[in-house]
Amino acid sequence: MKFRQLLPLACAGMMAAAVSAKEKTETINFSKLGSYSAGIFSSNVSAAEIVAHDRKSQRLFVVNGAQSRIDVLNFSNPAAPTLLFSIDCLPFGGAPNSAAVHNGVVAVAIQAAVKTDTGIAAFFDVNGGYLASVTVGALPDMICFTPNGQYVLVANEGEPSSDYTIDPEGSISVIHIRGNGSKVTQDDVRTAGFGAFNNTTLDSSVRIYGPGATIAQDLEPEYITISSDSKRAIVTLQENNAVAFVDIKEARVTDIKGLGFKDHAAIDPVTETYTFDQAGMPAIGTTI
């Protein structure tokens, strides 16, 4: 009897909470304010991919892989960003893959001309002035600062050659920032690798598939997010259906977690053909 008396009260409480939550729901609308075009469209290499914003200078640092440079835009008027100048990355090897900015220091991840060779993390000021550069792992794919600005992390994807005759190990470079970036040397670079996991059994949902590859060779770090206290990083291993946890101070991978499986047996896939205009805008073609 007591249960029957309490049940309506509990239901009423839940309904009130639901109404309260509904009342607090807000609609967010997005509208285009401005844009900038590099004037290049390529099916193989992007001309405007990663964007880093420096609040103080109101500049955008845009990765232009198609032309192996960082385009620096004036963002003081967001409705009309304009190109100020570009930072040439070819002297450091090949195309840039990522850029980040913190307290007036611009960090750029630059892959080698041969992607399986070691890449470069280069540092500039917001005016494009060169500060320093260091060697990191093969195919540095993302670069970012810790919130406290003391370290820069680089996800070295380590993609193999197309025939798998060369398969570098994936890793995360941890770079100690000294002298506002101008005094960084190779001694400030440490590597968080995956060699310690080569003789271990990973979760069954972690995909290890490269022919003859070790775990360290097969894992391919791609995207980094960092805890607010700057102590830990979580790194996606996209091709491997997993994430890695990194102790930043120790520059050590502490764990690898698989992301599990999803049963797609009930899905009825539809294949669509897309075409693109000269501006790179997709138009849906024939549904097969």
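One can find the structure itself at the top, above this paragraph.
Sequence order sets the numbering: in each chain, residues are counted from 1 along the sequence as written. Local features are withheld for residues below a pLDDT of 70 in this predicted model, meaning they are given only at 70 or higher, and side-chain atom pairs are given and counted only at 80 or more; totals for whole chains, interfaces and linings count all residues. Each side-chain value is worked out from all heavy atoms of the structure, with water and hydrogens disregarded.

I tried to follow the pattern of salt bridges on my own but got confused; where do I start?
Charged atoms that come close allow side chains of opposite charge to pair. Take a side-chain nitrogen of Lys or Arg and a carboxyl oxygen of Asp or Glu: if they are within 4 Å of each other, that pair is a salt bridge. Counting across every chain of the model gives five salt bridges. Ionic pairing is found between Asp188 and Arg178, a salt bridge with its closest N-O pair at 3.0 Å. Taken together, the positions of Asp188 in the loop between strand E11 (171–176) and strand E12 (189–193) and Arg178 in the loop between E11 and E12 put the pair 10 residues apart, joining distant regions of the chain. A salt bridge links Arg252 to Glu250, with the nearest nitrogen and oxygen atoms 2.9 Å apart. By relative accessible area, Arg252 is classed as partly exposed at 42%. Counting from the N terminus, the helices are the DSSP runs of H or I reaching at least four residues and the strands are the DSSP runs of E reaching at least two. Type-normalised accessible area, obtained with a 1.4 Å probe on protein chains alone, sets the label of each residue: buried when under 20%, exposed when over 50%, and partly exposed for intermediate values.

Honestly, the side chain of Glu157 in this entry has me stumped. Any pointers?
Note that Glu157 resides in the loop between strand E10 (151–156) and E11. His is not counted here, nor are the chain ends, while Lys and Arg score as positive and Asp and Glu score as negative. The side chain of Glu157 sits in the buried core without any salt bridge; Lys115 is the nearest counter-charge, 8.1 Å away. We call two residues contacting when some pair of their heavy atoms lies within 4.5 Å. Those residues in contact with Glu157 that sit more than four places away from it in its chain are Ala138, Leu139, Asp141, Gly170, Leu219, Glu220, Pro221, Glu222 and Glu239.

How should I be thinking about the nonpolar core in this particular structure?
Grouped burial of nonpolar side chains is what soluble globular proteins tend to show. The criterion is simple. A nonpolar core is a set of buried Ala, Val, Leu, Ile, Met, Phe, Trp, Tyr and Cys residues joined through side-chain atoms within 4.5 Å. Counting 27 residues, the largest nonpolar core has Leu153, Ile172, Phe194, Ile224, Val253 and Ile256 as the members making the most contacts within it. At the level of secondary structure, the elements contributing two or more residues to this core comprise strand E9 (140–145), E10, E11, helix H2 (215–218), strand E13 (221–226), strand E14 (232–237), strand E15 (242–247) and strand E16 (252–258). Excluding residues within four positions of it along the chain, Ile224 makes contact with Met142, Cys144, Leu153, Val154, Ala155, Ala233, Ile234 and Val235.

What exactly am I supposed to notice about unusual backbone geometry here?
Excluding glycine, a negative phi dihedral is what most residues carry, and trans is how most peptide bonds are arranged. The backbone of Ser68 shows a phi angle near 50 degrees, a positive value even though the residue is not glycine. Looking at the element boundaries, Ser68 is found in the loop between strand E2 (59–64) and strand E3 (69–74). Judged by relative accessible area, which is 11%, Ser68 ranks as buried.

Take it as geometry only, folks, not as evidence of what the structure does.
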